[in-house]
Structures are given as C-alpha cells and as structure tokens.
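Summary of the model geometry
Here's the letter readout for the chains.
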Amino acid sequence: MALLQISEPGKTKDPHDKKYFVGIDLGTTNSLISLVQNGSPTILKDQNDNELIPSVVNYTKENISIGVPIKSDDAITFRSVKRLIGKNYKDFVDNKFFSPCEIISDDNIIRFNVYNKLLTPIEISSEILKFLKKVAELSLAGEIAGCVITVPAYFDDSQRQATKDAATLSGLNVLRLLNEPTAAALAYGLERKTNSKIMVYDLGGGTFDVSILDLKDGIFKVLSTGGDSSLGGDDFDHLLAAFIENKLNLNIDKNKKHELYLYAKKLKALLTSRDSVKVNLIDIGIKSESLVITKNDFNLLINNLLQKTLIISNNVLVDSNLSIKDIDEIVLVGGSTKTPYVKKVIEDYFNKKPLSNINPDNVVAIGAAIQADLLSGNSQEELLLLDVTPLSLGIETMGELVEVIIPRNSTIPVTSSKEYTTFKDGQNAMSIHVVQGERDVVSDCRSLAKFTLNDIPPMVAGAARIKVEFQIDADGILNVSAIETMTSKFTSIEVKPSYGISDRDIENMLKDSFDNAEKDIEKRHLNEAIVEAERVILAIDSALDLDGDNLLNKNEYKEICVARDNLKEKIHSKNKDMITEAIKNLEKRSEEFVSRRMNSSIKSIMKGKEIKEYS
Amino acid sequence: MAITITDNAASRVKTFLNNRGKGIGLRLGVKTTGCSGMAYVIEFADKVDKDDTVFEEKGIKIVVDPKCLLYLDGAELDFGKEGLNEGFKFINPNEKARCGCGESFSV
C-alpha cells in the first residue's frame, strides 16, 4: 500500500493529492533538494543514496547526465555554471570559469557550442534543476508543486531572473527565491528569536560568502554581504597537495598531480576527526617515502586563507556599522566549515561559539525546505522574509543625471514612484532609462533598461505629469512603469537585465561612489546648471517669438538677445558659477518683459468680462 | 479496543515529534474521501478533545476520536521503506477492499 506521512493537525491531504513543496540549494559546487516531511526537514537522496549532488552537467552526443563528471573525450562537462548565470560575455572573460568547449557570443550573451547546439548557462543550470526535480519525484512518488530556490545574497536582478528562468525551463514552479544566509538562519529556527544580529559564514568548495542579517520581530533583513568568489575548501586541498609534493620532493605529471589533489581532499576529511594521518601514495600509484601529516601541519597551511576570511568578515561588519560584540549568533554554512580549525579560528576571533550542529552542507537546503513548507500553507506559522536591494535604482533625468527612485538597502518587496514632466513645449514622448548604481552621472552607473512613453498630449513644457513607478517583487525582480496622468497613457517594462554584475562589481561601484562623491556633486551641479540654462533659453526664445515684437522696443529686444547669447556661450565654459551668473543676468534683463507678458495675457483673458466674475 | 504501533514506527514518531519541537503525540483517524471511500489520517496531536480516546503505546500517546476508533480498532501502525520512499502504513483488520493505489480503502 502507499506509505503515509504525518501531517500537521487538520492538514491531511486527500488521497492522490501528492503535491510536494521542496527547497533547492542550487550551489556552485553541489546542489541539494529537501522537503519538510513528518514535521521535520529531510534531504532527499538520489538513486545512489547521495544527498550532495555535484553541480556537474555532462553532455554526450546522445544524452545528458548530471552529478558525476564523465572522463571521456566524447563528453563535454560543465562545472560551476552558477558562476555564469545571469552574466554576459564581457564578465565571462574576466572570470575564472573554465569552459569545456567553444563559446559563441555575437550579442554579448554567453552561448556554449555543445555538439553544434548553442546552450546558455541558464539552459545548462536548468538541467541540474530538472535532475533534482526527478530525484524528488522518484523518492516521493508524487508531483513537485512548487519550490523555493536559494541564491547568494549579493545576486543582482539579472542573476535572480536567470535563476528563475532556469527553474521555469526545468518545469519547476518557483514560489520564491530565498537568500542563502537567510535560509541558513531559518534552518536554525533563529526567526523565533525576537531581535538579533546574525552573521552567516559560508565557506564552500570554491567560494566564500559572509552576510550580516538583522532579525527584527521575525523579519530578516540582509544588512551587508561580502566574500571572495575564488576562495574555498578546494584551496585547502591544493595547499595540502602542494605540501605533500614539496615534502616528498615528488616529480609528477599533470594527471598524477590531479590524483594527488583528490587524495589530499580525502586526507583533509580524515583530519577533521584524527590528529594525524599517514600519507600513502602507493594507493595512487606514486612511489615515495612515507610521510605523516599532523592536524597542526594542516592548520598552519590553511591559516593564511582563514585570516583572509576574517578580514573580509570584519569589513562586512564595518559595512553594517557593527562591531564584533554586536553579533548575537554566527551560523556556519558550507562543507569547509567542518574542519575543526575553521570553527576554532572563528570562535577565537568573534569570541562566540558558532552554530554548527546542522550539517553545514545541508543547512541552506533545509532552510529552503522550511520556507517552501511555510509558503505552501502546510504550517500555521507566519513568516515574512525581507531582503534588501544591493544597489540604488533610478532613472536618467535631463543632464544625464541619475535620480534615485529606490535607494540602496531598501527592503523588498518595495514600490516607489516619482513624478516627472516634459522639458520642451509640445514634447510628445519621454524616454525612460533605468539605471543601477550609486554615482550621480548616468555614464558612471549601470544601464538596466530603456523604454519610451509615447503619445503624450502636446502641452507647454512642465505641464505634463508623468508618474514613473518602480516595483521590486519578493524575488528581487524589477518592474518599471510610466503613466501620463491626464490621458492614462501607460507603458511598462520588466527588467531582465542583459548585463552581469558581481559582488566585487557592487563593492567597486560603492567604493567608487565614495571616492568620487565630491567630483560627482560638482558634476551634478554643473549638469543641473546647464539643464537650467537650456530651459531658460528655450523659454525666452519662445516668448520672444510670440510677444517680442509687440511688447519690446528695439533696444530692449536687443538687450535680452545679448544676455541670452552670453548664456549660450557660457554653457560651453563648463563652469557652474559662470553659467548661474549668466542665467541670473538673463532673468534680470527679461524681468520687465515677463511682467509685461503676464499683464497682457491677463488683459486678454479679462477682456469683455465683468470684474465680479473673478470675485 | 486498541490500536498498536510497531517498535520501528514508535521510534520514528518519537524522532519526528522531537524535531517538530511541540505536540503531545499522534492523532490517528480516517476520513471519508478517495476512490474507495476512506483514507487514513496521521497527524501530530497538539491537544486532546473531550471525547477522544488516548492510548499510550511504547512511549507514544495515540489520540483517536470515538468514530474513527470503530474503523481502526485492532489496527497496527508500522513504518517501512518502499524503494526510495519511506513512510507509515496501517495493518488494519477492518479493511475489506482498497483502491488500486492503496491510498484509500473501504470497510
């Protein structure tokens, strides 16, 4: 008969209603799938009883396989595809990612030539998700109705959107994307605490991430993140292998070096529970003397790397305006934190015992499963998870200036809008340029999208009201809309940015904005002055056209023209003070003209009407 | 009248209750649904209602309402593995027929 699971009170499913909600940790090195069953989270196993499924995709001419890399010339094997998701070709060139085949990139989108089929990182990632889905469906004998997928806290819009796209391609319904550190905190049930600051230290195989979470009344907020995308447990293995090679004076080829590296990985695992291990290279076909490596040897080897992670962690703390004593909990994530020395170094530095009783390989997937369970309505507990935007979002205004609509570190979901108007008389379209970044000038920020609002009814400059609204949903996807309020003419765009951005870029963008703050302000003032000058010139010109001959004598007319031409000239000077001075001068010269125009238009309106009509 | 539970099932229930962090025991029952008329209910019990019968079996409190008890009298709850799937099953002498998939039954 069919097997039954324990449900929450009153939540027993009807027979044949086998719909499950799972959590997925789509990792750079390994991926996991988990669900809450019988009230507690379990990691699902594949047919070979593995919980950790390597994020490896093999393509042969006939089929696709996931998990174990195929060592054969007939297979193209992708590793660490997560490093490329949502990125463009330009980013790829700088990246450490190793491509197993030719890359074709006509339009800055990365496409791998896999047996004459062009595949994007999204499609390759979707194969991993497809496999995880299959693992779950086989072991649950049911259907996966929804999932929560975790992403690094620093993932930007385009990386989040790409992860969602990969899920859609694999036939998964994404309930929500969840930040990895938040998932880890959830796994430990930290949301039950009232207020606390949590540091999540995530040292994986190839990446290091550290995040500070602020928990207030059950709501998580990511205060700051940092890390190193090329530092991880694999570096420990390389150091250990090099140490052995050095000590034993080995002279070995590339293949043997790789075997030694894999052997070092095993030694590292042994050293988590033993004080010393004997190196026996005969097992991997290398003749050599014997060697004993102690835990202490190993600790000394990795100490430098660990100190580096502490410096990064400390910087992230400083970013959040916190100090070590403010941290209430430290959560360890990632297989490399199993090394006892890692725990010790963290405990000594932060003077606090880190949480590590949940297997650090599983902790993110478990948090995702708990979140999926909550969102599916299986559990009565309510939990709202909030994240923040890593960089400010805004639009380009006249003078190539950025006007921020959603500031950096706003909690999402968020909606914010601003009103804009037309610059020229009769302007019938407005181009909306969405940018991301902390700098004042558009060209220093990152362009996300451009679209145009058409068919604005002709009006004088400044009369139209155009409301631009920015909306970021719970997954961090941005939707921008513009509406002309009189005619309700509407246009909108979902931002699926084609340009990539990394945590390091974000860091650089932030640093840039601090370093260039003064320059930016000067630039902003200058550009604002230029825009103002152009606006004044346009207004004067149109006024002269209409009423210049009627209301001014030749001398007055000439005087205004001279002041106007002087302003035109000063625009080129790129000197803010001179421009403002010239604007003031022009305004002064035309004061009389403006008031005459006002009077004459009032006269023309009042002509033929009784005074009482205005009382 | 009695409902029993195997050692294997009892130890699993204990673990699940511990992991859940709350609950006094297990509520067993049946509901009228499915293709053969009835389906089993296994839920965590957070409270005991007035008319409920409570059995204490191998350290596990089993809570059953009087109507359900009629269908479950003499049944044993077991925990087992089928392929990759693990879960509970009832060995119930009152069962007369089952639907093809075994998820619902009739008495």
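In this text, all values refer to a predicted model and were calculated from it rather than measured experimentally. (Residues numbered from 1 in each chain as written. Chains lettered and ligands numbered in written order. Predicted model: local features only at pLDDT ≥ 70, side-chain atom pairs only at ≥ 80, totals over all residues.)

**Some points on the overall build of chain A**
A count of helical and extended segments in chain A gives 13 helices and 28 strands. Expressed as a percentage of the 615 residues in chain A, the buried residues total 40%. Long-range pairs, those at least 24 residues apart, make up 66% of the contacts in chain A between residues at least 6 apart in sequence. (Helix = DSSP H or I, 4+ residues; strand = E, 2+ residues; numbered from the N terminus. Buried ≥ 20, exposed ≤ 12 C-beta atoms within 10 Å, placed from the backbone. Contact = placed C-beta atoms within 7 Å.)

**Examining the overall build of chain B**
If you tally the helices and strands in chain B, you get two helices and nine strands. Reading the helices (α) and strands (β) of chain B from amino to carboxyl end gives β-α-β-β-β-β-α-β-β-β-β. Expressed as a percentage of the 107 residues in chain B, the buried residues total 36%. Residue pairs in contact within chain B that sit at least 24 positions apart in sequence constitute 56% of those at least 6 positions apart.

**A few points about the sheet that holds strand E14 (residues 208–216) of chain A**
Residue and element names in this part refer to chain A. Strand order in the open sheet made by the four strands is E15-E14-E13-E18, with mixed pairing throughout. If you trace the sheet from one side to the other, it starts and ends with strand E15 (219–228) and strand E18 (329–333), each paired once. Recorded for the sheet is a direction-independent mean angle of 20° between the axes of neighbouring strands. In this structure, E14 lies alongside E15, joined through nine bridges in antiparallel fashion. Each residue of the ladder has a partner; that of Phe 208, found in E15, is Asp 228. (Pairing = 2+ DSSP bridges. Axes fitted to C-alpha atoms, helices over the stretch in contact; angles between N-to-C directions.)

**Some points on unusual backbone geometry**
Residues and elements named next belong to chain A. Residue Asn 116 is not a glycine yet carries a positive backbone phi of 65°. In this fold, Asn 116 is placed in the loop between strand E9 (111–114) and strand E10 (117–119). Residue class for Asn 116 comes out exposed when judged on the 5 C-beta atoms lying within 10 Å of it. A positive phi angle, close to 60°, is found at Asn 321, a residue other than glycine. Along the chain, the position of Asn 321 falls in the loop between helix H7 (295–319) and E18. Residue classification places Asn 321 among the exposed positions, given that 10 C-beta atoms sit within 10 Å.

**Quick word on helix H11 (residues 517–551) of chain A**
All names here are of chain A. A bend of about 55° at Asp 545 is the largest found in H11. Along H11, the positions that sit buried rather than exposed are Asp 520, Lys 523, Ala 529, Ala 533 and Ile 540. The inward-facing, buried residues of H11 contact helix H12 (554–571) and helix H13 (576–606). (Bend = angle between axes of the 7 residues up to and from the residue.)

**Some remarks on the sheet that holds E9(A)**
Residue and element names in this part refer to chain A. Within the open sheet, the three strands sit side by side as E8-E9-E10. Their pairing is antiparallel. Looking along the sheet, the strands with just one partner apiece sit at the ends: strand E8 (103–104) and E10. As defined by bridge partners, E9 adjoins E10 across three bridges and the pair is classed as antiparallel. Across the sheet, the residue bridging to Phe 112 is Leu 119, located in E10.

**Quick word on the environment of Glu180(A)**
Residues and elements named next belong to chain A. Along the chain, Glu 180 falls in helix H4 (residues 180–187). Among the residues examined, Glu 180 registers 29 C-beta atoms within 10 Å and is labelled buried. Sequence separation between Glu 180 and Asp 209 is 29 residues, and the spatial gap between their C-alpha atoms is 9.7 Å. The residues touching Glu 180, leaving out its near neighbours within four places in the chain, are Thr 150, Val 151, Pro 152, Ala 153, Asp 202 and Val 364.

**A closer look at the environment of Asp577(A)**
All names here are of chain A. Considering the arrangement of structural elements, one finds Asp 577 in helix H13. With 12 C-beta atoms counted inside 10 Å, the residue Asp 577 sits in the exposed group. Measuring from C-alpha to C-alpha, the distance between Asp 577 and His 525 comes to 9.5 Å, with 52 residues separating the pair along the chain.

**Notes on the packing of H12(A) against H13(A)**
Residue and element names in this part refer to chain A. Look at H12 against H13: their axes get within 9 Å of each other, and the N-to-C directions meet at 165°. Between H12 and H13, the angle falls in the class roughly antiparallel. Crossing handedness for the pair H12 and H13: left-handed. Contacts from Glu 556, Glu 559, Ile 560, Ala 563, Arg 564, Asn 566, Leu 567, Lys 570 and Ile 571 in H12 reach Met 578, Ile 579, Ala 582, Ile 583, Asn 585, Leu 586, Arg 589, Ser 590 and Phe 593 in H13. Of the residues in the contact of H12 with H13, the class split is ten nonpolar, three polar and five charged. (Parallel < 35°, antiparallel > 145°, perpendicular 65-115°, else oblique. Left-handed = near helix turned anticlockwise from the far one by under 90°. Nonpolar A, V, L, I, M, F, W, Y, C, P; charged D, E, K, R; others polar.)

**Comments concerning helix H3 (residues 157–169) of chain A**
Residues and elements named next belong to chain A. With 13 residues, H3 should reach 18 Å at 1.5 Å per residue; the first-to-last C-alpha distance of 18 Å fits that figure. Every buried residue of H3 is accounted for by Asp 157, Ser 158, Gln 159, Arg 160, Gln 161, Ala 162, Thr 163, Lys 164, Ala 166 and Ala 167. Phi for Gly 171, located one or two positions after H3, is positive at around 80°. (Expected span 1.5 Å × (residues − 1).)

**Some points on the confidence of the model for chain B**
All names here are of chain B. Confidence in the prediction for chain B averages 83 pLDDT; 87% of positions are at 70 or higher. Least confident of the elements in chain B is strand E9 (residues 104–106), whose mean pLDDT is 71; most confident is strand E5 (residues 60–64), at 91. Predicted as a complex, the structure gets a pTM of 0.63 and an ipTM equal to 0.81. (pLDDT = per-residue confidence, 0-100.)

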